[in-house]
Amino acid sequence: MLGIKIVHQNHKGLVELLGKYHHSVDAGLHFYIPLIQQIHAVSLAMSPLKLPDYSIITKDNADISASVTLNYHVTDAVKYRYENTDSIESMSQLVRGHLRDIIGRMDLNEALGSTSKINQELAAAIGDLTNTYGINVDRINIDQLKPSVSIQDSMDKQLKADRERIAAIAKAEGEAKSIELTTKAKNDALIATAEAQAKATRTRADAESYRIEQMNESLDKAKDGYFKNQTIQAFSQLATSNTNTVVISGDNPGELGNIPVIQKMLENNK
């Protein structure tokens, strides 16, 4: 009587004769002799494996928890089944050991910010070694590196302190800038006011100088007859006024006529 064994696609069949490996068969329908022969099917398809969190100590003695996911497939069904009692567990221990060694050479901050680098180093470290178990690791990824609760609390406090320090610096710089701008505006206003006042003073001085210049030109152009006529009018007004005493220069009494002329010119230029 013969037994029937179907080896599915992407599997390898291992034929044992009296409990000892005899030969391998590919996917398909196979016959064997019960009690004397057995056929074990080993999957060659890619399989995922998640390694549970475990503790790792960094170079600066910080305790972190690592979570790793990897994808593997069997490359040698004979090695996988017969040369190791548990190839999957052996591979897991190998991954943990190398990960502990890689992270153990890093400080906490370096480890938390270097997951890509850790992935690359870990893949290179276990690439050839897993062939001993008939397994190839196709992809490995650090899912999470998490500090312990106490370290996380310390990091949160430090982060909060840094944020408050940065905010205080920004506030101080803003206030200093505001004071600087206010002071500059006040100084600019004082300068503008002083310049306006100086300009106004110069304008008034120029106007007064022009007025005096015009008056002098007018006096220079006036004829002697005009001043004599003014002198006569001045004496006439004095004769009819209530003034009791008038003191004038005896050398040139005709200059008395200049007085009303000058008065009129001053009145006209006001």
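To be clear, the structure that these remarks concern was listed above.
Residues numbered from 1 in each chain as written. Predicted model: local features only at pLDDT ≥ 70, side-chain atom pairs only at ≥ 80, totals over all residues. Heavy atoms only, no water.

### A word on unusual backbone geometry
Then comes step 1: Positive phi outside glycine occurs at Leu18, with the angle close to 55°.
Then comes step 2: Locating Leu18 in the fold gives a position in the loop between β2 (11–17) and β3 (20–25).
Then comes step 3: With phi around 70°, Leu35 is a residue other than glycine that occupies positive phi space. (Helix = DSSP H or I, 4+ residues; strand = E, 2+ residues; numbered from the N terminus.)

### Focus: the packing of helix α2 (residues 87–104) against helix α4 (residues 115–126)
Then comes step 1: Where α2 contacts α4, the two axes come as close as 10 Å, and the packing angle between them is 130°. The pairing of α2 with α4 is recorded here as oblique in orientation. The two elements α2 and α4 meet at a crossing, and its hand is right-handed. Residues Leu94, Val95, His98, Leu99, Ile102 and Ile103 of α2 form the contact with α4, whose participating residues are Ile118, Glu121, Leu122, Ala125 and Ile126.
Then comes step 2: Classifying every residue of the contact of α2 with α4 by side-chain character gives 9 nonpolar, 1 polar and 1 charged. (Axes fitted to C-alpha atoms, helices over the stretch in contact; angles between N-to-C directions. Parallel < 35°, antiparallel > 145°, perpendicular 65-115°, else oblique. Left-handed = near helix turned anticlockwise from the far one by under 90°. Contact = heavy atoms within 4.5 Å. Nonpolar A, V, L, I, M, F, W, Y, C, P; charged D, E, K, R; others polar.)

### Some words on α2
Then comes step 1: With 18 residues, α2 extends 25 Å from end C-alpha to end C-alpha; this agrees with the ideal 26 Å at 1.5 Å per step.
Then comes step 2: The inward-facing, buried residues of α2 contact β6 (47–57), β7 (63–74), α1 (77–82), α3 (108–112), α4 and β8 (135–147). (Expected span 1.5 Å × (residues − 1).)

### Describing the nonpolar core
Then comes step 1: With 29 residues, the main nonpolar core has Leu70 and Leu99 as its most contacted residues.
Then comes step 2: If one sorts the elements of this core by residue count, α2 sits on top with 7 residues.
Then comes step 3: Setting aside residues no more than four positions away along its own chain, Leu99 makes contact with Tyr54, Ile56, Ala66, Val68, Ile118, Leu122 and Ile142. (Core = buried A, V, L, I, M, F, W, Y, C linked by side-chain atoms within 4.5 Å. Buried < 20%, exposed > 50% of the residue type's maximum accessible area, 1.4 Å probe, protein only.)

### Re the sheet that holds β6
Then comes step 1: What the 3 strands build is an open sheet, ordered β6-β7-β8; its pairing is antiparallel. Where the open sheet ends on each side, the last strands, each with one partner, are β6 and β8. Neighbour-to-neighbour, the strand axes of the sheet open up by a mean angle of 20°, direction not taken into account.
Then comes step 2: As paired strands, β6 and β7 are joined by 9 bridges and run antiparallel to one another. Its bridge partner lying in β7, Ile56 is registered against Ile64. (Pairing = 2+ DSSP bridges.)

### Overview of α4
Then comes step 1: The end-to-end C-alpha distance of α4 is 16 Å, a good match for the 16 Å that 12 residues give at a rise of 1.5 Å each.
Then comes step 2: For α4, every residue scored as buried is listed here: Ile118, Asn119, Leu122 and Ile126. All buried residues of α4 lie within an arc of 100° about the axis, which places them on one face of the element. Along α4, exposed side chains directed more than 90 degrees from the buried face belong to Ser116, Gln120 and Ala124.
Then comes step 3: Contacts from the buried residues of α4 go to α2, α3 and β8. (Arc of directions from axis to C-beta.)

### Considering the packing of aromatic side chains
Then comes step 1: Under the definition given, this model contains 1 aromatic pair.
Then comes step 2: Geometrically, the ring pair formed by Tyr21 and Tyr82 is tilted, given 5.5 Å between the ring centres and 45° between the ring planes. Here Tyr21 is found in strand β3, whereas its partner Tyr82 is found in helix α1, with 61 residues between them in sequence. (Phe/Tyr/Trp six-rings, centres within 6.5 Å; stacked < 30°, edge-to-face > 60°.)

### Digging into a nonpolar patch on the surface
Then comes step 1: Together, Leu2, Ile4, Ile6, Leu17, Leu18, Leu29, Phe31, Ile33, Leu35 and Ile36 make up a nonpolar patch on the protein surface, roughly 1100 Å² of accessible area in all.
Then comes step 2: Elements represented by at least two residues in the nonpolar patch include exactly β1 (3–7) and β4 (28–32). (Patch = residues over 30% accessible without salt bridge, like charges linked within 9 Å, V, L, I, M, F, W, Y side chains within 5 Å. Areas by Shrake-Rupley, 256 points an atom, 1.4 Å probe, with all protein chains shown as cover. Salt bridge = Lys/Arg side-chain N within 4 Å of Asp/Glu carboxyl O.)

### Describing the sheet that holds strand β5 (residues 37–43)
Pairing between the strands of a sheet comes from backbone hydrogen bonds, and it takes one of two forms, parallel or antiparallel.
Then comes step 1: Read across the sheet, 3 strands follow the order β3-β2-β5 without closing on themselves; strand pairing throughout is antiparallel. With partners counted over all chains shown, the strands left at the sheet margins are β3 and β5, one partner each. Mean inter-strand twist for the sheet, computed between neighbouring axes without regard to direction, equals 30°.
Then comes step 2: Bridging between β2 and β5 involves 7 bridges; their strand directions are antiparallel. Among the inter-strand pairings, Glu16 is bridged to a residue of β5, identified as Gln38.

### Comments concerning the pattern of salt bridges
A side chain of one charge can pair with a side chain of the opposite charge when the charged atoms of the two come close.
Then comes step 1: Following the criterion strictly, the structure yields 6 salt bridges and no others.
Then comes step 2: Between Arg81 and Glu16 there is a salt bridge, with its nearest N and O atoms 3.8 Å apart. With Arg81 in helix α1 and Glu16 in strand β2, this residue pair connects regions lying 65 residues apart in the sequence.
Then comes step 3: Residue classification places Glu16 among the buried residues on the basis of a relative accessible area of 7%.

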